[in-house]
Amino acid sequence: MTGVYLSPGLYPHELFQDTVSYILSVQRSSGEIPWFEGGHTDPWDHVEAAMALSIAGKYQEAERAYAWLADEQLPDGSWWARYEQGARAESTRRETNFCAYMATGVWHHFLITQDRAFLELYWPTVQQAMAFVLSLQTVHGDITWAVDDDNDIPVDSLVTGCASIYKSLECAHNIAVTLGHDTVYFDARERLGRCLRQHPERFDRTWESKARYSMDWFYPVLTGVFSGKAARERLQARWNEFVEPGMGCRCVSDEPWATIAETCELVLALQASDEEALAREVYSWIAQWRHDDGSYWTGYQFKEQVLWPHERPTWTAAAVMLAADALTQHTPAAQLFTHVNLLDSDNSVHAKDLVRA
């Protein structure tokens, strides 16, 4: 397939009809959305796939996905990191960024549907999830990446995970303000942002640095931790390490492997840093990784010239659709990952204080 250049107002409905059908074919009757048929589920990627359904106007199916998460929530507000065949897998770990992403998905669905009843229904789930997450925020502002019932994981924080939580705190704040509740999320977000910007020593303390991963590079831009000139300088500084022209964004800097989801997320980060033309160019490379059934391959190993792994995850398809929505401004949620939009809790619950990411 040749490159696909997207412009505002030109959302490619026909292109994504099969993509949506693919996600729906994998979704279970319970509402759960595994990575692929027969694959496992994790809460973060489940929400990512649900957001694609919202973009496509499949509101009932998206709401079934959120209902499944609410039903699976543990008493402390968390979720297991991995589910298999609809049940908890052999895992005792719960990851904070996985749990926080529920707030992002719920706010995304509300932005599209304006369904206040939906927001009210899932507010307790979001509130409990964020309470779990913030219980692991340190005095320095960073948030511990996970807890484990067996206590056999290191206590540490991840740049990508905390950056994702930073966006989820924005969304949780907006849900609380919209529903007229007091919010503790604004201050927690400010503390986390300062730590991400000013205290790199708080991350990767007990293991080898994860700076070789592209997500550590662009996620703080995608989620609004860095903005304006600082965001552009961050992306430019390591562009040649991570971007393979004509193919996409590498997953890690030292491997010849371009991954489609990371490429789509880079597109969002480029938009957030006002690199609109470059975002559209990078997005145009994605079409070649589309399968005939509308799904998208995980990645391409360009040294060996093979698709690898031989998987087409639902969350990769969702990332493609989220980037397309942002480029075309198709839904009212199109700017969620390219702008910071914090509602003003001091005035009307409908007042908006728009801050350019």
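Conventions and cut-offs
- Residues numbered from 1 in each chain as written.
- Predicted model: local features only at pLDDT ≥ 70, side-chain atom pairs only at ≥ 80, totals over all residues.
- Heavy atoms only, no water.
- Helix = DSSP H or I, 4+ residues; strand = E, 2+ residues; numbered from the N terminus.
- Buried < 20%, exposed > 50% of the residue type's maximum accessible area, 1.4 Å probe, protein only.
- Contact = heavy atoms within 4.5 Å.
- Areas by Shrake-Rupley, 256 points an atom, 1.4 Å probe, with all protein chains shown as cover.
- Lys, Arg positive; Asp, Glu negative; His and termini not counted.
- Charge placed at Lys NZ, Arg CZ, Asp CG, Glu CD.
- Pairing = 2+ DSSP bridges.
- Axes fitted to C-alpha atoms, helices over the stretch in contact; angles between N-to-C directions.
- Expected span 1.5 Å × (residues − 1).
- Phe/Tyr/Trp six-rings, centres within 6.5 Å; stacked < 30°, edge-to-face > 60°.
- Lys NZ or Arg CZ within 6 Å of the ring centre and 35° of its normal.
- Salt bridge = Lys/Arg side-chain N within 4 Å of Asp/Glu carboxyl O.
- Core = buried A, V, L, I, M, F, W, Y, C linked by side-chain atoms within 4.5 Å.
- Arc of directions from axis to C-beta.
- Polar contact = N/O pair within 3.5 Å; in protein donor to acceptor, adjacent residues only side chain to side chain.

Draft legend 1. Up close: the overall build of the protein. Within the protein, the secondary structure is distributed over 13 helices and 11 strands. For the protein, the C-alpha atoms occupy an extent of roughly 50 × 45 × 45 Å along the three principal directions. For the protein, with 357 residues in total, the buried portion stands at 59%. In the protein, the share of contacts with a sequence separation of at least 24, taken over all contacts with a separation of at least 6, comes to 68%. A total of about 14400 Å² of accessible surface is found on the protein, and carbon and sulfur atoms cover 48% of it. When the 28 positive and 50 negative side-chain charges of the protein are each reduced to one mean point, those points stand 4 Å apart.

Draft legend 2. Up close: the sheet that holds strand β6 (residues 248-250). Strands sit in the order β5-β6-β7-β8-β9 across an open sheet of 5 strands; the sheet is antiparallel. In this open sheet, the two strands that pair with only one neighbour each are β5 (243-244) and β9 (306-307). Lying on the sheet, helix α11 (residues 260-272) is in contact with β5, β6, β7 (257-259) and β8 (299-301); it crosses β7 at an angle near 60 degrees.

Draft legend 3. Just α11, in detail. Between its first and last C-alpha, α11 extends 19 Å over 13 residues, near the 18 Å set by a 1.5 Å rise per residue. Of all 13 residues in α11, 13 are buried; the element is thus mostly enclosed. Two residues or fewer past α11, D274 is found with a positive phi of approximately 70 degrees.

Draft legend 4. Representation of the environment of G57 in the model. Inspection of the secondary structure puts G57 in the loop between α2 (43-55) and α3 (59-72). Spatially, the C-alpha atom of G57 lies 8.7 Å from that of I112, the residues being 55 residues apart in sequence.

Draft legend 5. Fine view of the packing of aromatic side chains. Tallied over the entire structure, the rule returns 14 aromatic pairs. Note on W289 and Y300: the rings are 4.7 Å apart at their centroids and 25 degrees apart in plane angle, and the pair reads as stacked. With W289 in the loop between α12 (276-284) and β8 and Y300 in strand β8, this residue pair connects regions lying 11 residues apart in the sequence. An aromatic cluster is present here, built from W217, F218, Y219, W239 and F242 joined pairwise through their rings. Above the face of the W80 ring, R88 is positioned so that its terminal group lies 3.8 Å from the ring centre.

Draft legend 6. Expanded view of the pattern of salt bridges. Enumeration over the complete set of coordinates arrives at 18 salt bridges. Note that R82 is salt-bridged to E84, the shortest N-O span being 2.8 Å. R82 gets classed as partly exposed once you look at its relative accessible area, which sits at 35%. Classification of E84 by relative accessible area gives partly exposed; the value is 37%. A salt bridge links D254 to R212; the nearest nitrogen and oxygen atoms lie 3.0 Å apart. With a gap of 42 residues between them, D254 in the loop between β6 and β7 and R212 in the loop between α7 (185-198) and α8 (214-222) connect regions that are remote in the sequence. Overall, the relative accessible area of 46% leaves D254 in the partly exposed class. Each member of the salt-bridge network shares a partner with another, and the members are D142, D156, R202 and R205.

Draft legend 7. Layout of the nonpolar core. Membership of the largest hydrophobic core comes to 114 residues, with the highest contact counts inside it found for F16, Y66, V106, W107, W217, L266 and Y283. With sequence-adjacent residues up to four places away left out, V106 is seen in contact with Y66, F118, L119, Y122, V126 and I175.

Draft legend 8. Representation of helix α1 (residues 13-26). In this model α1 runs 20 Å from its N-terminal to its C-terminal C-alpha over 14 residues, within 8% of the 20 Å that 1.5 Å per residue would give. For α1, the set of buried residues is L15, F16, T19, V20, Y22, I23 and V26. What you see down the axis of α1 is that its buried residues fit within an arc of 155 degrees, all on one side. Facing away from the buried surface of α1 by more than 90 degrees, the exposed residues are E14 and Q17. Of the surrounding secondary structure, the elements contacted by the buried residues of α1 are α2, α12 and α13 (314-328).

Draft legend 9. Local environment of the environment of S295. Note on placement: S295 falls in the loop between α12 and β8. Residue S295 is classed as buried on the basis of its relative accessible area, which comes to 0%. Taking the C-alpha atoms as reference points, S295 and K229, separated by 66 residues in sequence, lie 35 Å from one another. The contact partners of S295, leaving out residues within four places of it in the chain, are Y22, W289, R290 and R312. Polar side-chain contacts of S295 include one of 2.5 Å to the side chain of D293.

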